[in-house]
Amino acid sequence: MSSQPNQSLIDGIRCLQYLVSSGRAIGCRELARLMGINTTRVNRLLMTMASIGLTMQDEQRRYLPGPGIHALAAQAIRGSALFSQALPLLERHAPKDIVVALGVLWEDQVIYIYHSSPDRQGSQALAGFHMLPAWQSVIGMSLLAAESDEALIARFSPEQWQQLGPHVAQQRAHGRVIWHHDDGEVSMARPLGFHSAALAFAGMWQPDDKQVTTRLDALNQLCIQLTQKE
């Protein structure tokens, strides 16, 4: 049996992830551009997935997630140890006066499993935030620190690395990232170890040093709770 990865399977999964993450109907050419592969191949993959209900087309023949996505989403949630463990704890213990986010890294994008804010209901926190480029996210900065500088510099532009680099170094040195934004907001994140995810607090405006320390203590405590095995 070959030990080589199955490229067709990889492309199919990537195609489905990009389609679902787009949040709108999308054509084959645009999707192929996003993925960096041939349009004909993308069209074949989407048609194959349509045959089992994972995709469908609108009147303009653009593609959308199909009804099979609901079954796949439910099965994925049920099979996710991180989701099943984190959700009850976040609902009970996450601060209600700031943004609290739990995210994972995918292809240099942060996908949010949970994203709450003071002005949103708890049910809206579940996968309720669009994906964000990792270099623009404190969660992304925290998780990218696991990779070497050489690998990161090859993937990001000089401007992106200028913002990303110091925070990556901070994560490696201190086990967390604290990002002081130019507009006065402070955000912070810490990885959750084997889950390949990170928890973040954000939406803290012009806090003093004592407030930052208090929030960081709360973040650390919540991370410990999320990583404790039952």
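Definitions and limits used
- Residues numbered from 1 in each chain as written.
- Predicted model: local features only at pLDDT ≥ 70, side-chain atom pairs only at ≥ 80, totals over all residues.
- Heavy atoms only, no water.
- Axes fitted to C-alpha atoms, helices over the stretch in contact; angles between N-to-C directions.
- Helix = DSSP H or I, 4+ residues; strand = E, 2+ residues; numbered from the N terminus.
- Parallel < 35°, antiparallel > 145°, perpendicular 65-115°, else oblique.
- Contact = heavy atoms within 4.5 Å.
- Nonpolar A, V, L, I, M, F, W, Y, C, P; charged D, E, K, R; others polar.
- Buried < 20%, exposed > 50% of the residue type's maximum accessible area, 1.4 Å probe, protein only.
- Disulfide = S-S within 2.5 Å.

> What am I meant to see in the packing of helix α1 (residues 7-22) against helix α3 (residues 39-50) here?
Helix packing for two helices is described by the angle between their axes and how far apart those axes are. Packing of α1 against α3 leaves a shortest axis separation of 10 Å and a crossing angle of 80 degrees. Here α1 lies roughly perpendicular to α3, going by the angle between them. Contacts between α1 and α3 involve Gln7, Ser8, Asp11, Gly12, Cys15, Leu16 and Leu19 on the former and, on the latter, Arg41, Val42, Leu45, Leu46 and Met49. Its residues placed into classes, the contact of α1 with α3 shows seven nonpolar, three polar and two charged.

> Sorry, what's going on with unusual backbone geometry here?
Note: most peptide bonds trans; most residues except glycine with negative phi. You will see that Arg61, though not glycine, has its phi angle at about 65 degrees, which is positive. Looking at the secondary structure, you find Arg61 in the loop between β1 (55-57) and β2 (63-65). Accessibility expressed as a relative area gives 60% for Arg61, which makes it exposed. Look at Glu107: it is not a glycine, yet its phi comes out positive at around 50 degrees. Relative to the elements of secondary structure, Glu107 occurs in the loop between β3 (99-106) and β4 (109-116). Given a relative accessible area of 35%, Glu107 falls into the partly exposed group.

> Is there a simple way to think about the state of the cysteines in this case?
By definition, a disulfide links two cysteine residues through a covalent bond between their sulfur atoms. Applying the stated criterion to the full structure yields zero disulfides. Cysteine Cys28 remains unbridged, with the sulfur of Cys15 as its closest cysteine sulfur at 7.7 Å. The exposure class assigned to Cys28 is buried, which follows from its relative accessible area of 14%.

Such coordinate-based values are descriptive only and should not be taken to indicate function.
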